[in-house]
Amino acid sequence: MTDHPLVSTQWLDDHLSSPDLIVINAWMPPVTHPDAPPVYPNAHIPGAVFFDVNEVCDKTSDLPHMLPAPHVFSSTMRKMGIGDGQTLVVYDDFGFYSAPRVWWTLRSMGAERVYVLDGGFPKWRAEGRAFDDDTPRRVQSHFSSRLNHGAVADLDQIRSTIANGSRQILDARSAERFAGEAPEPRAGLKSGHMPTALNLPFTQLIAEDGTFLQKEDLAKAFQDAGVDLDKPVTTSCGSGVTAAILTLGLTVLGARDLSLYDGSWSEWGSRDDTDVVTGPA
C-alpha cells in the first residue's frame, strides 16, 4: 500500500482474500431521497460490513450524524469486527458520497490504513466483479479510538477562522446553494454561505466515468476555486458528508493541514447568531 487514499477496483479484487483486509460499505441516503433503501442487503462486495453513517454518530446531538465519542466509536467498531492494524477499504453505493465521510471518520479516530474504492460499487458492478447478499460474521476486534482533534472543526473555531483568516474555508455545496440562489434541502436553514468561504462543488472532483479526477485536473479544480494548496483548509458542506470528498481530494494532492467542519451548514445555517452572505465567493 501507499499513502495515496484511493485504491482501484482491480487492486481490491486482487486482495479481497487478504486476511487483514476489511471492506466497508458506507451508507447514508441522499438528503434529497431520505427514504432510499441501501443496496447492501441485496448486493455488496463479498465480505463487506455495513456502516450506517446515520447510526454510527453522536445520538445526543440535534445535528445530523456528528462524530460519536471515541469510546462509543471503539465499541461500535469492535462489534463490527474492525480492529487495530487492519487495512480498511471503504466504498458506497453511489461512487463518491458517504465513503469519504467514513474514510475521514476512521482516520480521525486513529485508523491508519484506510482507503476509498475509486468509483465505488457502480464501477465494481459495471466491470462484472463478484458481489453477494450474505451478511458476514466477523469476530469482534479491539479498536483503539484516538481522536485527532485537529481534524475536526467546531462552531467556535469557524468563527475564529473567519475573524483572523488563519485558514481557508471551502464549501462543497452546489454553486446555487452557496450563492443563496437555491433553497437548502433541509428545512429551516438559511440560504447562502459563511463569510470568506470559497466554493468547490464536490461533483467537480468526479470524472465522467465516476472515478476521481487525476492529479493534474484535481489540482486545477482547487486552484480555479481560489484554493492555495500550501495553506490550511477547513472543508464544509450541508452536514459534513460531502465535505469529506474535498478533504479526500486535498489529501490526494498532498495537502496536510486539513480539518472538516462537522456541523457544517446544518449548524451554521440554523442559528440566529451566525453571519450569512449571498452571491459568489
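See the structure above.
Worth saying up front: this structure is predicted, and the values here are computed from it rather than measured.

Caption draft 1: Examining the side chain of D262 more closely. Its place among the elements puts D262 in the loop between strand 10 (258–261) and helix 9 (264–268). At 2.9 Å, the side chain of D262 and the backbone nitrogen of L67 are in polar contact.

Caption draft 2: Up close: the sheet that holds strand 5 (residues 114–117). Spatially, the 5 strands line up as an open sheet ordered 1-5-4-2-3, and their pairing is parallel. Each having just a single partner strand, strand 1 (6–7) and strand 3 (49–52) make up the two edges of the open sheet. Direction of pairing for strand 2 (residues 21–27) relative to strand 4 (residues 87–92): parallel, over a ladder of 6 bridges. Bridge assignment links I22 to a residue of strand 4, and that residue is L88.

Caption draft 3: Main features of helix 7 (residues 215–224). What helix 7 keeps buried is the set L218, A219, A221 and F222. Down the axis of helix 7, the sector holding all buried residues measures 155°, keeping them to one side. Opposite the buried face of helix 7, at more than 90 degrees from it, the exposed residues are E216 and D224. Of the surrounding elements, those touching the buried residues of helix 7 are strand 7 (168–171) and helix 8 (243–252).

Caption draft 4: Spotlight on the environment of N164. Within the secondary structure layout, N164 lies in helix 5 (residues 155–164). With 84 residues separating them along the chain, N164 and M80 place their C-alpha atoms 42 Å apart. Here the side chain of N164 touches S166 through a polar contact of 2.8 Å, side chain to side chain.

Cut-offs used in this document
- Residues numbered from 1 in each chain as written.
- Predicted model: local features only at pLDDT ≥ 70, side-chain atom pairs only at ≥ 80, totals over all residues.
- Heavy atoms only, no water.
- Helix = DSSP H or I, 4+ residues; strand = E, 2+ residues; numbered from the N terminus.
- Polar contact = N/O pair within 3.5 Å; in protein donor to acceptor, adjacent residues only side chain to side chain.
- Pairing = 2+ DSSP bridges.
- Buried < 20%, exposed > 50% of the residue type's maximum accessible area, 1.4 Å probe, protein only.
- Arc of directions from axis to C-beta.
- Contact = heavy atoms within 4.5 Å.

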